[in-house]
Amino acid sequence: MLQELFSPSVQHVLDLVGIFVFAISGALLAVRKNFDVFGMAVLAEVTALGGGLFRDLIIGAVPPAAFSDLGYFVTPLLATVLVFFLHPQVERIQLGVNVFDAAGLGLFAVTGTAKAYDYGLGLTASATLGLATAVGGGVLRDVLANEVPSLLRWDRDLYAVPAIVGAAMVALCIRFDVLNPYTSGLAAVTAFGLRLAALRFHWRAPRAWHRSSVSVEAPDQAG
Amino acid sequence: MLQELFSPSVQHVLDLVGIFVFAISGALLAVRKNFDVFGMAVLAEVTALGGGLFRDLIIGAVPPAAFSDLGYFVTPLLATVLVFFLHPQVERIQLGVNVFDAAGLGLFAVTGTAKAYDYGLGLTASATLGLATAVGGGVLRDVLANEVPSLLRWDRDLYAVPAIVGAAMVALCIRFDVLNPYTSGLAAVTAFGLRLAALRFHWRAPRAWHRSSVSVEAPDQAG
Amino acid sequence: MLQELFSPSVQHVLDLVGIFVFAISGALLAVRKNFDVFGMAVLAEVTALGGGLFRDLIIGAVPPAAFSDLGYFVTPLLATVLVFFLHPQVERIQLGVNVFDAAGLGLFAVTGTAKAYDYGLGLTASATLGLATAVGGGVLRDVLANEVPSLLRWDRDLYAVPAIVGAAMVALCIRFDVLNPYTSGLAAVTAFGLRLAALRFHWRAPRAWHRSSVSVEAPDQAG
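Residues numbered from 1 in each chain as written. Chains lettered and ligands numbered in written order. Predicted model: local features only at pLDDT ≥ 70, side-chain atom pairs only at ≥ 80, totals over all residues. Heavy atoms only, no water.

Engineer: Looking at this structure, how should I read the overall build of chain A?
Structural biologist: Regarding its fold elements, chain A presents eight helices and zero strands. When the helices and strands of chain A are placed in sequence order, the string is α-α-α-α-α-α-α-α. Over its C-alpha trace chain A gives a radius of gyration of 17 Å, about what one expects of a compact globule, namely 17 Å for 223 residues. Oriented by its inertia axes, the alpha-carbon framework of chain A measures out at about 45 × 45 × 30 Å. For chain A, with 223 residues in total, the buried portion stands at 56%. Sequence-distant contacts in chain A: of pairs separated by 6 or more residues, those separated by 24 or more amount to 77%. Counting every atom, chain A has about 9,000 Å² of accessible surface; 69% of that belongs to carbon and sulfur. Charged side chains in chain A number 14 positive and 16 negative. The centres of these two groups are separated by 9 Å. (Helix = DSSP H or I, 4+ residues; strand = E, 2+ residues; numbered from the N terminus. Rg over C-alpha atoms; globule rule 2.2 N^0.38 Å. Buried < 20%, exposed > 50% of the residue type's maximum accessible area, 1.4 Å probe, protein only. Contact = heavy atoms within 4.5 Å. Areas by Shrake-Rupley, 256 points an atom, 1.4 Å probe, with all protein chains shown as cover. Lys, Arg positive; Asp, Glu negative; His and termini not counted. Charge placed at Lys NZ, Arg CZ, Asp CG, Glu CD.)

Next comes the structure, spelled out in structure tokens:
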């Protein structure tokens, strides 16, 4: 079974780490938007679990993992408590948050693709769902906070591309029957590294032609 | 079967009352946002049925009740007609709307929790879905109207907490095998009363530490 | 089987045409919002496939057609490439885009209603899902772009009504057992024609009473 890329306990710990760091980003946005503690918890849960929830609904895996594993539900609450008491410190270690978030991005892209394929989807659809697993929670977070999704904005460092690369590597490994813990780990690490490089060197995607000199939105807008 | 907490006909009438008052709040927001009559109907339907729709998708109860019971679909249209012709009067009786809305909140938290448990979810997941049933429609309403969800804002009286208390009471009753019409009625009434008290005494939830003196959003903003 | 209203290949081509023109409208909004090329692709996919995805989740047709037919996934990417290189020209032929969009609206309202009925929903619920299939993608597009959904705004020419008429005609044809390629084609053409007439003569829906002279939102706002 593809889904068990890693030993179950290792997989579970990696999942919880990804959920935790995504939840931190949700809770931090809630603080910036001046939401109360329940708004923080809601945004933490949605950011951490939204992508996987979408994937599970699409592939028909109901009830979704988010509602059948208590650890998945409790972890974002712990992130909320942490941010509630320590948010100035957490903001100051934004670098660390970005590194963990990049790790979550790579991991979710890989496990999301593998799980979708396990449920019978084609390779392209599986890779697409891997991407959706990795970025879906952040999109929901921004929609609920009434902001333009960070994923769509040109003035943000590349976020989708690393996830696309990781998901596509997994799909190719499945295609050529070489998916195992090493190749899937390599895919996750590649996505992770690309995201870090995008952050370090401010890689950005192009906009439509003849559009480069126009800035409709102020670049300093929160998001 | 847990779901039949009340006799079927009583349950159905209570459901329709909850749907009706939630639909009123959706149609009123549409009027405030200057939407046309179809926008009013869409917002009324989404507010009234969105929470239950989300719950039914998560637990795999397809097609959802919203699409299999004609009364669920027609009731929000009646609310739309009422608001279309009488909205100044309806706004004036905001107090009455708030009371009915609080009743819907308590009822949906209780029935949502029981239905989720009926479909095999754990107690924590069931209570979470009870909360989602109660507040989900309002969140969708605000997202479609392009507003920050009222649920998340610190400058709104407590809304999630009464629903959480009601849903948790149902989960505890299930845990100790004492769920019956009386205990579930008590849970609904408790949530109802807490919401009314929150409105009366302007109970609010805290924001993250060191944040209390900062107001990012103007408190008079619509929502 | 109702769903095969037209021969499978004709149906598929019509579906792809509808998906293509809806995707164009999504990519164009992304250009206007200054999104990068990935934002354009996301908005194109969501606009083109969102309505059908919602319908398939509600009726329990998982994985949805959007994830099981590669052509459905690739077509919005082609639309993205076209808009990326030629968007000023595409904007200039807005009339043509509107005509194709109206065709997609009529087609999706008809096929969405028939597919929902095929999956066992009642006539009213089927027509509602036909409407949701036709307009759902556009609503998701506007929500992701952080705009008030065009569907809900009073200062937009009628969009929902033509789809409602087309979906209702299909439901009536099913009710009286006269649904065939001719009657369903007539329903699609009627919706198409009504939408074109609404565009030509600026038909609009009324707002709530005593509201006509108030304009909360500036009419020239993008959307």
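Engineer: Just to check I follow, could you spell out the relation of the copies chain C and chain A for this structure?
Structural biologist: Both copies of the chain are placed relative to one another by a rotation about an axis and a shift along it. For the pair chain C and chain A, the relating rotation is 120°, the translation along its axis is 0.0 Å, and the fit reaches an RMSD of 0.0 Å. The transformation just described matches what one would write down for a three-fold rotation axis. Every residue of chain C has its C-alpha some distance from the rotation axis, and the shortest such distance is that of N146(C), at 3.9 Å. Each copy contacts the other with its own distinct surface, as only 11% of the interface residues of chain C are interface residues in chain A too. (Least-squares fit on C-alpha atoms with pLDDT ≥ 70 in both.)

Engineer: Please explain the interface of chain A and chain B as it appears in this structure.
Structural biologist: By a frequent convention, interface size equals the accessible area lost on bringing the separate parts together. On the side of chain B, 33 residues touch chain A, which itself brings 28 residues to the contact. In this assembly, chain A packs against chain B so that about 2,600 Å² is buried in total across both faces, 69% of it on carbon and sulfur atoms. At the junction of chain A and chain B, the tally comes to four residue pairs in polar contact (both at pLDDT 80 or more). Considering each element in turn, the side of chain A that touches chain B owes the most residues, eight residues, to helix α2 (residues 37–59) of chain A. Within the side of chain A that touches chain B, the residues separate by chemical class into 21 nonpolar, four polar and three charged. (Buried area = accessible area lost by both parts, 1.4 Å probe. Polar contact = N/O pair within 3.5 Å; in protein donor to acceptor, adjacent residues only side chain to side chain. Nonpolar A, V, L, I, M, F, W, Y, C, P; charged D, E, K, R; others polar.)

Engineer: Help me understand the relation of the copies chain A and chain B in this model?
Structural biologist: Between chain A and chain B, which share one sequence, the superposing operator has a rotation angle of 120° and an axial displacement of 0.0 Å; the RMSD is 0.0 Å. Taken as a fraction of all interface residues of chain A, those also at the interface in chain B reach only 11%, which identifies the copy contact as different-surface.

Engineer: Explain the UniProt feature "domain: Glycine transporter" (unreviewed entry) in chain A to me, please; I cannot follow it from the model alone.
Structural biologist: Here, UniProt's "domain: Glycine transporter" (unreviewed entry) annotation points to residues 13–87 and 99–173 of chain A. As annotated, residues 13–87 of chain A comprises 87% helix and 0% strand, and the C-alpha atoms at either end are separated by 24 Å. (UniProt positions renumbered as here; feature names shortened; annotations may be inferred.)

Engineer: Quick question: what am I supposed to make of the UniProt feature "transmembrane region" (unreviewed entry) in chain A here?
Structural biologist: Sites flagged by UniProt as "transmembrane region" (unreviewed entry) map to residues 12–31, 37–58, 70–87, 93–112, 119–139 and 159–178 of chain A. Here residues 12–31 of chain A runs as 100% helix and 0% strand, with 28 Å between its end C-alpha atoms.

Engineer: Looking at this structure, I do not really get unusual backbone geometry. What am I missing?
Structural biologist: Residues and elements named next belong to chain A. Omega for the bond connecting V62 with P63 falls within 30 degrees of zero, at -10°, which places this linkage in the cis form. Summarising the element assignment, P63 is placed in the loop between α2 and α3 (65–68). Despite not being glycine, N34 shows a phi value in the positive range, around 70°. Relative to the helices and strands, N34 is located in the loop between α1 (8–32) and α2.

Engineer: Got a minute to help me understand the packing of aromatic side chains in this structure?
Structural biologist: Two descriptors summarise a pair of aromatic rings, namely the distance from one centre to the other and the angle between the planes of the rings. With the rule as written, the count across this model stands at nine aromatic pairs over all chains. For the pair F84(C) and F85(C), a centre-to-centre distance of 5.1 Å together with 85° between the ring planes defines the contact as edge-to-face. What makes F84(C) buried here is its relative accessible area of 10%. Given the relative accessible area of 39%, F85(C) is considered partly exposed. Just above the ring of F176(A) sits the side chain of R175(A); from NZ or CZ to the centre is 5.1 Å. (Phe/Tyr/Trp six-rings, centres within 6.5 Å; stacked < 30°, edge-to-face > 60°. Lys NZ or Arg CZ within 6 Å of the ring centre and 35° of its normal.)

Engineer: Would you take a moment to explain the interface of chain C and chain A for this structure?
Structural biologist: Residue-level contacts link 28 residues of chain C with 33 residues of chain A. Buried area between chain C and chain A, summed over both chains or domains, comes out near 2,600 Å², and the portion from carbon and sulfur atoms is 70%. Between chain C and chain A we count zero salt bridges in total. In this structure, the connection of chain C to chain A is made through four residue pairs in polar contact (both at pLDDT 80 or more). Secondary-structure elements contributing two or more residues to the side of chain C that touches chain A are α1 (8–32), α2 (37–59), α4 (70–92) and α6 (123–144) of chain C. (Salt bridge = Lys/Arg side-chain N within 4 Å of Asp/Glu carboxyl O.)

Engineer: Which parts of the structure should I look at to understand the side chain of D155(A)?
Structural biologist: Along the chain, D155(A) turns up in the loop between α6 (123–144) and α7 (160–175). The exposure class assigned to D155(A) is buried, which follows from its relative accessible area of 8%.

Engineer: What is the right way to read α6(A) from this model?
Structural biologist: Every α-helix winds through 3.6 residues per turn, so residues three or four apart in the chain are directed the same way. All names here are of chain A. In this model α6 runs 31 Å from its N-terminal to its C-terminal C-alpha over 22 residues, within 8% of the 32 Å that 1.5 Å per residue would give. Bending of α6 peaks at approximately 45° at the position of V135. In terms of burial, α6 is a largely internal element, 18 of the 22 residues being buried. (Expected span 1.5 Å × (residues − 1). Bend = angle between axes of the 7 residues up to and from the residue.)

Engineer: Where do I start with α1(A) in this structure?
Structural biologist: Taking 1.5 Å per residue, 25 residues should reach 36 Å; α1(A) reaches 36 Å between its end C-alpha atoms and fits that length. N34(A) occupies a position one or two residues after α1(A) and carries a positive phi of about 70°.

Engineer: Sorry, what's going on with a nonpolar patch on the surface here?
Structural biologist: The grouping of V81(A), L82(A), F85(A), L86(A) and W209(B) at the surface amounts to a nonpolar patch, some 440 Å² of accessible area in total. Note that F85(A) resides in helix α4 (residues 70–92). (Patch = residues over 30% accessible without salt bridge, like charges linked within 9 Å, V, L, I, M, F, W, Y side chains within 5 Å.)

Engineer: How do you make sense of the packing of helix α5 (residues 94–118) of chain B against helix α8 (residues 181–201) of chain B when you look at a structure like this?
Structural biologist: What describes two packed helices is the angle between their axes and the distance between those same axes. Residues and elements named next belong to chain B. The interhelical angle for the contact between α5 and α8, taken along N-to-C directions, is 140°, at an axis separation of 8 Å. Considering the angle they form, α5 stands oblique to α8. Of the two possible hands of crossing, α5 and α8 adopt the one that is right-handed. For the pair α5 and α8, contact is made by N98, V99, A102, A103, L105, G106, L107 and V110 and by S184, A187, A188, A191, F192, R195, L196 and L199, respectively. Across the contact of α5 with α8, the residue classes break down as 12 nonpolar, three polar and one charged. (Axes fitted to C-alpha atoms, helices over the stretch in contact; angles between N-to-C directions. Parallel < 35°, antiparallel > 145°, perpendicular 65-115°, else oblique. Left-handed = near helix turned anticlockwise from the far one by under 90°.)

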